[in-house]
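# Observations on the three-dimensional arrangement
Listed below are the residues making up each chain.
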Amino acid sequence: MLKRHNASVELLPHDVVELILERLPVDSLLRFKSVSKKWKSTTDSGRFQQGQFLRRRQSRGPDVLCLPLSDDEDTDATRFAFGSSKASTVWFPVSRKLFCYGSCDGLLCLYSLYEQSASVVVNPATRWHRSFPLSNVQHLIIEKYNKSEVAYPLPRLGFGKDKVTGTYKPVYLYNSFEFKLDNVTTCEVFDFRTNAWRYVVPSSPYRILGHYEPVYLDGSLYYLTKEETVKLLSLDLHTETFQVICKAPFVQPHSSDLYSITMCILDDRLCVSEKNWPNQDIWSLDGANKTWTEERSFARSSIAQPSIALVDKNKLLLRGNDYFHTLFIYDLHTKSFDLLFKPTKPVGPVYYFESLFHV
C-alpha cells in the first residue's frame, strides 16, 4: 500500500507536494516523514519549516497555554494546552521554572535561576527538546543564593534567532555592578555549535532595567535602559552589536511601581504598555521612523495586569491580579472582560504563546 501510495506521489511535481504538506497538521507531518526519504528531507529542511510556520501563523492555528503542574504532581513536567480541546504534556529530565518571553519559530526556551538545572529549548508540538548548560551568571546567582545573598533584579534570559545564519541564541544581558564585575553591563551568548557560553565584547554601554523580559522581534532582542530618559536598546543577533533605537514614550518608573510598564509584541510590532491610571496606554514602535504611536488606551481594571497578547484585531489578552493567574479577554469595542482560563488552584504563572506549531 505504501508502495502504491509512493508511486502515485511521484506523479505530482515535488513543489506541489510541498504545498500540500505545508497545509497538513503537525501530527500528520510527523507520520508522513516515514513515507519516503524525499518527504523526510523536505519536512526536515529549514526552508519548508519556515514556510509551514508562516502559513500556520497566517491561518492563526490553535493558541497555546502553558500550565505549570502543581506541587503534588510531577515537578519535571509542563503541560501545554493547545487551543481549547487538545492537551499535551511534555516531559523534561529536570524542572524549569521560567520561560523566555514569546516563541521563536515555534520554539520555547525554559530556564531556572536558583537551581542546577540545565536550560532547555523545546518544541511543544513535536516534543523535541535540547538542553544547554548553565551560564556564568547562573552559577553566580546560585553561589549568592547559597550564601543567603540575593542579586536583584535577577537577570532574565532572552531567546531569539540570527536571521542571517538561522542560528538560535539564548542571551543573558545584565548589569555588572550587582555581581561585582567590571564594565557597565555583561553579555553572555550561548553557542549551540560549541555547546558553550561566550561573552559579547563590547557589551551594552547602558545599564538596563532588569525587571523586564527581553523581547525578540525580527532578528534582534530589545531592552529598556536604566536612565532618567529611558531608551529602547537593541541587540542584533547576527552582528552581536548594541544600538540605541530611540527614546521610550515614558519616564523611568518609580521603584515602587516598576511593573507599571510591560514590553511585548502585539500584532507583530514591538509595543510597550504603560499603566497611566486610570487608563492603560499601549504604544507601538514604527521601526522605519523610530517613533512611537499610541495605538490604544482603555480604562484599566483592578482585576487585570497589563496586556500580554493581541488575540484578535480588537481583543487583548490580560493576566489577572489574583493568585490563580486567571486570563481574561478584553474587548476594545465593547470595553468588556470575558474569562478565558482559570486554574482550579494556584499553581504559578500561566503563560500564553501564539500558534506554536512547527515541525
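Structure shown above.
Quick notes on the rules
- Residues numbered from 1 in each chain as written.
- Predicted model: local features only at pLDDT ≥ 70, side-chain atom pairs only at ≥ 80, totals over all residues.
- Heavy atoms only, no water.
- Helix = DSSP H or I, 4+ residues; strand = E, 2+ residues; numbered from the N terminus.
- Buried < 20%, exposed > 50% of the residue type's maximum accessible area, 1.4 Å probe, protein only.
- Contact = heavy atoms within 4.5 Å.
- Salt bridge = Lys/Arg side-chain N within 4 Å of Asp/Glu carboxyl O.
- Phe/Tyr/Trp six-rings, centres within 6.5 Å; stacked < 30°, edge-to-face > 60°.
- Pairing = 2+ DSSP bridges.
- Axes fitted to C-alpha atoms, helices over the stretch in contact; angles between N-to-C directions.

Our next topic: the environment of Cys104. Looking at the element boundaries, Cys104 is found in the loop between β4 (98–99) and β5 (108–111). For Cys104, a relative accessible area of 3% gives the class buried. Separated by 19 residues in sequence, Cys104 and Asn123 have C-alpha atoms that sit 9.9 Å apart. Beyond its immediate sequence surroundings of up to four residues, Cys104 is in contact with Phe159, Gly160, Lys161, Tyr168 and Tyr216.

The next thing to look at is the pattern of salt bridges. Two side chains of opposite charge can pair, provided their charged atoms sit close to one another. Throughout the structure, instances matching the rule amount to ten salt bridges. Measuring nitrogen to oxygen at the nearest pair gives 2.9 Å for the salt bridge that ties Arg156 to Glu213. One end of the pair, Arg156, is in the loop between α6 (136–146) and β8 (157–161); the other, Glu213, is in the loop between β11 (196–199) and β12 (215–217), and 57 residues separate them in sequence. Among the ionic pairs, Glu227 bridges to Lys231, the shortest N-O distance being 3.3 Å. A residue is classified by how much of its surface remains accessible, and Glu227, at 22% relative accessible area, is partly exposed.

Moving on to the packing of aromatic side chains. Given two aromatic rings, their pairing is described by the distance between the two centres and the angle made by the two planes. Applying the stated rule across the entire model yields nine aromatic pairs. Their ring planes at 35° and their centres at 5.0 Å tell us that Phe132 and Phe190 sit as a pair that is tilted. Residue Phe132 is located in strand β7 (residues 128–132), and its partner Phe190 is located in strand β10 (residues 185–191); the two are separated by 58 residues in the primary sequence. Each member of the pair, Phe132 together with Phe190, is buried. With a centroid separation of 5.7 Å and an interplanar angle of 75°, the aromatic rings of Phe132 and Phe192 are classed as edge-to-face.

Attention shifts here to the sheet that holds strand β9 (residues 168–175). Taken in spatial order, the four strands line up as β8-β9-β10-β11 in an open sheet, and their pairing is antiparallel. Pairing within the sheet leaves two strands with one partner each, and these edge strands are β8 and β11. On average, each strand axis in the sheet is tilted by 30° relative to the strand beside it, whichever way the strands run. Pairing geometry for β10 and β11, over four bridges, is antiparallel. Considered in β11, the bridge of Phe190 is made with Trp197.

This next bit is on unusual backbone geometry. For the bond running from Val201 to Pro202, omega is 0°, close enough to zero to count as cis. Along the chain, Pro202 turns up in the loop between β11 and β12. Unlike most non-glycine residues, Lys180 shows phi in positive territory, near 55°. Here Lys180 shows up in the loop between β9 and β10. With a relative accessible area of 77%, Lys180 lands in the exposed category. In this structure, Asn195 is a non-glycine residue whose phi angle is positive, near 55°. With respect to the helices, strands and loops of the structure, Asn195 is situated in the loop between β10 and β11. Overall, the relative accessible area of 40% leaves Asn195 in the partly exposed class.

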